[in-house]
Amino acid sequence: MPRIVTKDLIKVYKQGKSEVIALRGLDMSVEDGEMVAIQGPSGCGKTTLLNLIGGIDRPTAGRIEINGVNLPDVSDAALVRHRRDDVGFVFQFFNLVPTLTAEENVQLPMRLAGMGGGKRESRTAELLALVDMKKRANHRPDELSGGEQQRVAIAVALANDPPLVLADEPTGELDTKTGQEVLDLMNRLNQELGKTLIVVTHDQRVAKIAHRILQIEDGRITGEIKTR
Amino acid sequence: MLGVVLAITFVSGTFIAIDSSARSSFEALLSTSAGDFSISAQLGNWRDVRTALLSVPGVVDADIYRRIDGILVQKGNESQMLYVSMYGIDPGNLPFMMNDATVSGSLELPRGTVAVSSDMASLLDIVIGDKITYNYTFYDVIGGTSRSILLNMTVNAIVSFPLSGYYGGGWYAYGFTTFVNIDDSDWVEEQLEIPAGLTGWNLGEVWIDHNRFLNAYDLAGTQRNLARLSRQLEAALAPYDGFVQDNLSSRIPEFEFTITIQRLIFLALSLPIILLGLYLGIVGAELGHAERRRELAVLKTRGARQRQLIGVLMLDAVMGGVLATVIGLPFGLALSRLLIGYVNPSASSLGTNYGDIALSFDTIISVLLLSVILMAGITYRSAKRTANLPIVETMKYYAPGETKIQYRPNTDIVLVAISIATYGIVSWSRSAPSDFTLFLIGIIFYVLLPFAPIFLIVGTTRLLTRATGRVYEWTARVCKPFAKNLHYLISRNLSRNPRRSANIALIIALGLGFGVFIFANLGSQQAYQERLLRASIGADMSIGLPPANETFRTNLTSLPQVEAVTRLDSLQIQPTYGSAALYVLEPDSYFAVTQPESWYFENIDSHGAESILKTKGQVLVTRSYLDSSFLAIGDSITLTQMFYNSTGIATANVTVTIGGVVRALPGTSVFEYSPPMAIYADNSTVRALLEPPSGYFYLYYATYLVDLRQNADWREAKAEVQAMGASQIRVYQEELEQLKSGPLYSSLVGFIYVEIAYIIVILTAGLGLIIYAATIERDVEFAAITARGSAGWQTAGLLIGEAFSIMLIGLVVGVSVGLISGYLTSQILFSGSPGGVQSIVPYPFSVPAETLYLMVLAPAAMLFTVLIVSWRVAKMDVARILKLRGG
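A.B. asks: So what exactly am I meant to see when it comes to the overall build of chain B here?
C.D. replies: When you go through chain B residue by residue, the secondary structure sums to 32 helices and 20 strands. Across its three principal directions, the C-alpha atoms of chain B cover 115 × 70 × 55 Å. Here chain B, with 887 residues, has 53% of them falling under the buried criterion. Put simply, of all contacts in chain B between residues at least 6 apart along the chain, 81% involve residues at least 24 apart. Of the roughly 38,300 Å² of accessible surface on chain B, 59% is carried by carbon and sulfur atoms. Positive and negative side-chain charges of chain B, numbering 61 and 70 respectively, have mean locations separated by a distance of 21 Å.

A.B. asks: I tried to follow the side chain of T566 of chain B on my own but got confused; where do I start?
C.D. replies: Residues and elements named next belong to chain B. Examined against the element boundaries, T566 turns out to sit in strand 12 (residues 562-571). On the accessibility criterion, T566 (0% relative accessible area) is buried. At 2.8 Å, the side chain of T566 forms a polar contact with the side chain of S589. Among the polar contacts made by the side chain of T566, one reaches the main-chain amide nitrogen of Y590 at a distance of 3.3 Å. Once you skip the residues sitting within four places of it in the chain, T566 turns out to touch R553, E586, S589, Y590, V593, T703, Y704 and L705.

A.B. asks: Is there a simple way to think about the pattern of salt bridges in this case?
C.D. replies: A pair can form between side chains of opposite charge whenever their charged atoms are brought close. Residue and element names in this part refer to chain B. Counted according to the given criterion, the structure contains 45 salt bridges over all chains. Put simply, E286 and R385 hold a salt bridge, and the shortest N to O gap is 2.6 Å. With E286 in helix 9 (residues 271-291) and R385 in helix 12 (residues 361-388), the pair connects residues that are 99 residues apart, well separated along the chain. Residue E286 is classed as buried on the basis of its relative accessible area, which comes to 15%. What makes R385 partly exposed here is its relative accessible area of 27%. A salt bridge links D588 to K614; its shortest N-O distance comes to 2.4 Å. Taken together, the residues span a long stretch of sequence, with D588 in helix 23 (residues 587-594) and K614 in helix 24 (residues 606-614) at a distance of 26 residues.

A.B. asks: It is not clear to me how the sheet that holds strand 4 (residues 61-66) of chain A should be interpreted in this structure. Could you clarify?
C.D. replies: Whether parallel or antiparallel, the strands of a sheet pair through hydrogen bonds between backbone atoms. All names here are of chain A. The strand order across the open sheet formed by 4 strands is 2-1-4-5, and the pairing between neighbours is antiparallel. One side of each edge strand has no neighbouring strand; the edge strands of this open sheet are strand 2 (18-30) and strand 5 (69-70). Looking at chain direction, strand 1 (residues 4-15) and strand 4 are connected through 5 bridges and run antiparallel. Bridge pairing in strand 4 places I4 opposite I66. Against the sheet, helix 1 (residues 46-53) makes contact with strand 1, strand 2 and strand 4, and its axis sits at roughly 65° relative to strand 2, the strand it touches most.

The rules behind the values
Residues numbered from 1 in each chain as written. Chains lettered and ligands numbered in written order. Predicted model: local features only at pLDDT ≥ 70, side-chain atom pairs only at ≥ 80, totals over all residues. Heavy atoms only, no water. Helix = DSSP H or I, 4+ residues; strand = E, 2+ residues; numbered from the N terminus. Buried < 20%, exposed > 50% of the residue type's maximum accessible area, 1.4 Å probe, protein only. Contact = heavy atoms within 4.5 Å. Areas by Shrake-Rupley, 256 points an atom, 1.4 Å probe, with all protein chains shown as cover. Lys, Arg positive; Asp, Glu negative; His and termini not counted. Charge placed at Lys NZ, Arg CZ, Asp CG, Glu CD. Polar contact = N/O pair within 3.5 Å; in protein donor to acceptor, adjacent residues only side chain to side chain. Salt bridge = Lys/Arg side-chain N within 4 Å of Asp/Glu carboxyl O. Pairing = 2+ DSSP bridges. Axes fitted to C-alpha atoms, helices over the stretch in contact; angles between N-to-C directions.

Here is the structure:
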């Protein structure tokens with residue numbers, strides 16, 4: 001059974017008196033444990049799709065079924081739980097809390113989930129080790145390089161062990177070498193930890209590690225490439 | 001800029017209110033003059049003189065009277081005589097001094113009748129219908145003989161003047177005065193054979209149309225009008241050999257000075273608002289510069305020098321100052337309508353004219369200068385710091401200037417030390433023996449004294465909020481109900497971004513500290529005035545001039561409103577050492593009626609004092625008399641009393657022992673101005689001083705002190721006592737109400753209340769704006785937290801928690817320092833200057849209920865504002881923000 005299914009997904013943004021249709025009835029599905037890359041020109045609706053699946057926004061119409069549950073139908077509180085427990089977000093600009101250390105940033109979602117102190121600390125150490133940031137655990141974001149910040153952001157996304165990780169241009173702000181490191185890490189998440197990944201990216205290297213590439217244009221899936 | 005705009009609005013509102021109330025201030029000042037012009041005319045009939053005056057255009061009224069001094073008055077054939085002034089008055093146009101007088105009987109005064117002043121009536125035991133005798137005595141210096149001419153008159157009225165009977169112009173309106181009809185002045189002078197050169201002149205007061213001749217906004221024109229009018233009056237009086245005195249022109253420089261002083265006083269009173277606005281402006285400037293740091297960094301990459309960047313920011317500030325004036329003045333105009341009733345402490349009860357709206361050039365320039373200086377002041381440091389930020393670091397998303405702590409506590413430690421030292425040295429200098437070194441050192445700290453609370457608040461708040469993160473951890477624990485699992489984030493955010501948190505806490509602490517300090521001093525001053533009043537009056541009511549008949553006390557005691565009565569006689573005796581007044585008390589009733597507080601006594605209490613007085617031969621003395629005469633308890637002193645008759649003096653002596661010392665006793669002294677020199681004794685101890693030989697009299701003043709029943713109507717009681725023929729009646733409740741409704745008191749208190757309300761507005765609006773600006777800056781951070789699994793209101797709870805933590809710190813520091821500095825200032829400043837006359841009435845420390853309202857209302861208003869701002873965070877469109885900002 002596919003983990004994620006969208007049917008006739010529509011999202012319309014109102015900007016003053018005009019309307020922008022970001023998604024025009026998008027259908028797609030993602031299997032459990034799959035890594036899917038989403039590509040398309042700027043403004044085609046990639047980030048909007050990610051936001052809807054991640055529960056950050058609600059569609060204007062259509063269905064988003066995750067493990068059989070239609071997200072638009074759930075309450076705000078359930079949506080919060082979905083964001084906290086089911087999804088890990090990795091942003092292009094990292095979006096770490098500037099006043100917290102790397103360690104404290106990773107612990108933030110765990111605290112939101114009510115995880116106890118001992119378990120929190122051990123899991124944090126585990127995650128920072130996973131992303132090779134244990135030595136920089138006590139540094140704040142302004143003391144870290146872009147690649148280091150993104151690795152911490154990945155650890156933050158994995159804090160509550162979500163089955164689904166959504167990444168929006170994760171290598172967009174990184175140089176080639178660092179970007180590759182991040183991609184390798186994401187590949188490990190998929191291969192070793194079995195996470196389902198949906199990655200919005202312009203980076204062609206993602207094609208090498210993703211199972212499928214979905215092409216979006218004008219708010220619809222226009223093409224699909226199976227890479228593995 | 002908001003802070004400066006708020007400060008400028010208040011200052012401009014105050015100045016505009018002062019300008020707009022100028023007419024009222026002018027009228028109030030002039031209302032104390034006995035006539036706009038005073039005239040005297042040696043020749044002619046008084047009616048002709050009045051007609052001549054009224055014929056001058058612009059004169060609306062004139063009252064003429066006559067006056068002769070140096071006439072003796074006695075009641076019938078009794079030996080006691082008094083020198084009196086005799087006024088001839090026109091009952092239809094009474095002179096200025098009669099304005100506040102109370103008349104029993106009729107002032108029509110047919111020939112052969114007279115009105116007498118109540119003090120004279122009381123001393124000579126005169127009632128309406130009694131006969132008195134004018135006695136004019138000629139002295140033949142060469143022959144050594146004298147001749148007295150007598151004239152009998154019937155008393156037709158008794159006139160009571162207010163206690164403070166001095167009016168402008170130099171005429172004393174109290175003190176043994178008699179009145180006859182002005183038409184009979186010549187007749188009285190003829191009857192008494194007063195020589196031609198000593199007879200009374202026609203004297204008078206002229207009133208002009210103020211609206212026509214006086215303009216508070218055109219003083220030069222006013223001077224000209226008065227000069228021309230004076231010439232016209234002189235011309236009118238020329239046939240009567242008259243003389244005109246302009247009473248108004250000399251008041252004009254006084255008025256100009258009054259307005260200047262008013263501006264300075266209210267500017268000084270507005271200092272808390274200016275300081276708050278300044279601090280708010282500093283925080284706002286830092287926020288504004290933080291927002292523009294990338295823009296400035298880009299300019300640097302294009303070749304701009306640091307000084308150019310600072311120049312740009314300073315130019316922004318100057319223009320901001322001008323803009324603040326443009327915005328502040330209209331709002332100030334609106335605020336001035338609220339303030340106008342409170343900036344005129346000299347307003348009299350004659351009515352106020354607040355119809356004007358005056359915006360003077362002086363006000364515009366002063367406000368503009370203040371605004372630009374404030375804006376430049378708040379901007380410079382932040383501009384310098386922002387322009388100094390390294391380019392590369394600034395271009396990154398996370399600016400280190402926001403999160404690195406660059407704090408040195410030295411300045412704040414010095415501020416706290418200076419304030420503690422100031423209070424310590426000023427307190428110590430009041431009791432230490434004075435010398436030149438102490439004087440020199442003391443001057444510096446007395447100058448620093450008004451700033452000590454500010455130093456203490458600033459230093460303490462910054463030390464608490466920047467030197468350590470512990471305080472945020474404590475306050476963050478209080479915020480757990482709001483932020484739940486994210487409460488730890490509150491203390492992290494605050495302690496990692498301490499400068500902004502410290503400034504906000506400082507604004508709150510300053511605002512609350514000012515408010516509490518002002519209320520505490522106001523409350524203490526009010527409590528002191530009440531205590532002073534009670535000490536001066538002595539009981540619920542005092543009757544200073546009771547009728548001398550023996551039934552008065554019985555009638556007084558039987559009044560339904562009266563609980564108890566005691567009599568107090570004061571005599572001017574001569575003790576062996578020094579000089580003092582003797583007060584003869586009835587110990588039992590005196591202490592029951594006055595119920596003296598403990599501060600009156602030294603080493604004894606009320607019962608001890610009563611016991612000493614009841615011991616025959618023992619007296620109580622005041623500390624000031626004891627010390628000034630180098631006496632001690634147990635010493636004996638002899639009291640000598642003089643008795644008088646028309647031919648000579650007799651004396652009586654009594655030797656007493658000093659049984660105890662008091663500061664004073666209620667109702668027996670003028671407490672405020674000089675240390676009381678008094679001896680207190682029971683009737684039996686000093687009986688010999690109270691029994692003159694036959695045919696002799698002595699001077700004494702009898703006062704009755706009255707304890708009114710609970711909930712008795714004092715107005716009714718006073719009216720009944722007046723109907724018995726008593727005067728100089730002082731009622732504690734009445735004078736308390738007068739104190740609170742007096743123009744000076746109500747003006748200052750009203751201004752302070754408006755100021756405190758404005759402080760709350762500044763705190764609320766300022767805090768709201770700062771937090772709003774901060775949320776815009778932290779939009780992405782909040783959106784990311786919400787995206788990672790926080791509910792909207794849980795994320796908003798972070799903001800509420802941060803604001804609450806800061807508010808808690810500000811509240812604790814502000815209120816504590818406000819109370820401490822209020823206490824120290826009230827005890828130091830208002831209990832008199834060192835070396836000067838100290839009030840023997842101790843200065844209480846009283847915190848009025850309004851302080852609690854401030855402590856509750858201000859934080860409640862701020863929290864409400866924070867809630868409104870937090871709504872934005874709770875309901876933010878996470879997707880849009882993350883998408884827009886690169887999510």
